[in-house]
Each structure stands twice: as C-alpha cells, then as structure tokens.
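Residue-level structural notes
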Amino acid sequence: AKSKTTITITFTPKAALNYQCIAFCSIVGQEDRMQLFLKGQGIGPKAAFSYDELDVGDIFVESVHQYEVDLINQGDIAVNFQLVPNTSPFGTKFNFS
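This one's a predicted model, so the numbers in the text were calculated from it and none came from an experiment.

**Re the overall build of the chain**
A tally of regular secondary structure across the chain gives 0 helices and 4 strands. Listing the helices and strands of the chain from first to last along the sequence gives β-β-β-β. Taken over C-alpha atoms, the radius of gyration comes to 26 Å for the chain, far larger than the 13 Å a tight globule of 97 residues would show. Projecting the C-alpha coordinates of the chain onto the three principal axes gives extents of approximately 85 × 25 × 20 Å. Carbon and sulfur atoms make up 53% of the accessible area of the chain, which totals about 10000 Å². Between the mean site of the 7 positive side-chain charges and the mean site of the 10 negative ones, the chain shows a separation of 24 Å.

**Description of a nonpolar patch on the surface**
Where nonpolar side chains cluster on the molecular surface, the patch consists of Phe 49, Tyr 51, Leu 54, Val 56, Ile 59, Tyr 67, Val 69, Leu 71 and Phe 81 and spans about 790 Å² of accessible area. Within the secondary structure, Phe 81 is located in the segment after β4 (71-73).

**Some remarks on the packing of aromatic side chains**
What characterises a pair of aromatic rings is the spacing of the ring centres plus the angle enclosed by the ring planes. One pass over the structure, following the stated rule, counts 1 aromatic pair. Between Phe 11 and Tyr 19, the aromatic rings sit 5.6 Å apart at their centres with planes inclined by 75°, giving edge-to-face as the arrangement. Judged by its relative accessible area of 28%, Tyr 19 is partly exposed. Directly above the ring of Phe 24 sits Arg 33, whose terminal nitrogen or CZ lies 3.9 Å from the centroid.

**Quick word on the state of the cysteines**
If you walk through the whole model with that rule in mind, you get 0 disulfides. Unpaired in this structure, Cys 21 has its nearest cysteine sulfur neighbour in Cys 25, at a distance of 14 Å. In this structure Cys 25 comes out as partly exposed when scored by relative accessible area, which is 35%.

**Overview of unusual backbone geometry**
Positive phi outside glycine occurs at Glu 62, with the angle close to 70°. Looking at the element boundaries, Glu 62 is found in the loop between β3 (47-49) and β4.

**Regarding the environment of Pro 85**
Relative to the helices and strands, Pro 85 resides in the segment after β4. We classify Pro 85 as exposed; its relative accessible area is 65%. A sequence separation of 58 residues divides Pro 85 from Ile 27, and the C-alpha atoms of the two residues are 58 Å apart.

**Focus: the confidence of the model for the chain**
Low-confidence regions, as indicated by low pLDDT, have predicted coordinates that should not be scrutinised in detail. For the chain, per-residue confidence averages 89 on the pLDDT scale, and 100% of positions sit at 70 or higher. By mean pLDDT, the top-scoring element of the chain is strand β1 (residues 18-25) (96), and the lowest-scoring one is β3 (90).

So, how was this worked out
- Residues numbered from 1 in each chain as written.
- Predicted model: local features only at pLDDT ≥ 70, side-chain atom pairs only at ≥ 80, totals over all residues.
- Heavy atoms only, no water.
- Helix = DSSP H or I, 4+ residues; strand = E, 2+ residues; numbered from the N terminus.
- Rg over C-alpha atoms; globule rule 2.2 N^0.38 Å.
- Areas by Shrake-Rupley, 256 points an atom, 1.4 Å probe, with all protein chains shown as cover.
- Lys, Arg positive; Asp, Glu negative; His and termini not counted.
- Charge placed at Lys NZ, Arg CZ, Asp CG, Glu CD.
- Patch = residues over 30% accessible without salt bridge, like charges linked within 9 Å, V, L, I, M, F, W, Y side chains within 5 Å.
- Salt bridge = Lys/Arg side-chain N within 4 Å of Asp/Glu carboxyl O.
- Phe/Tyr/Trp six-rings, centres within 6.5 Å; stacked < 30°, edge-to-face > 60°.
- Buried < 20%, exposed > 50% of the residue type's maximum accessible area, 1.4 Å probe, protein only.
- Lys NZ or Arg CZ within 6 Å of the ring centre and 35° of its normal.
- Disulfide = S-S within 2.5 Å.
- pLDDT = per-residue confidence, 0-100.

Spelled out as structure tokens, the structure:
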C-alpha cells in the first residue's frame, strides 16, 4: 500500500559555517538504508558602518573633533555590538562611546 510520513528536520547552526551530513533511514523489509544528503549554511549577523571610510582631514594638535558614525545591523538576526579598545599608539588617540 502506498503511504507517506512527514519528518521534521531542524537545523540549528552554532557558527557562520557550511554544514553537511548524510541522514540514514532504515525501513523494515528493505535491505539498504535510504540516504538523504543534508546541507545548510549558518549565517552570522550582517553589521556595517554608515561609512566605509571617515577621513577627518588635518586636525590641529590637542584640538577635539567629534564625528558620528552609525553601526547598523542589516541582517535578519539580532547582533550584540561590543567595543574592543584599540591599544595601538594611534588607537589611543580616539575615544568611542
């Protein structure tokens, strides 16, 4: 008799990587297992700055200039932004908030 069943496959990637595997289904009365090739890609957040480059030009020594740059999540999943201080000689001349 012809019949069918629905199987739910859940894909939960832990990182933005390509994943693949083979699932096997054993059927009573059939010698060989059936194979189903599964593949998927984990997609990470898609964050981008509102500018590709910010040229501040010539600045007088000891003067303070302030600029605003937006960090935008353009992806479909939530992202947590975290500021990591730059400890290079020039990185310490910039403050971020």
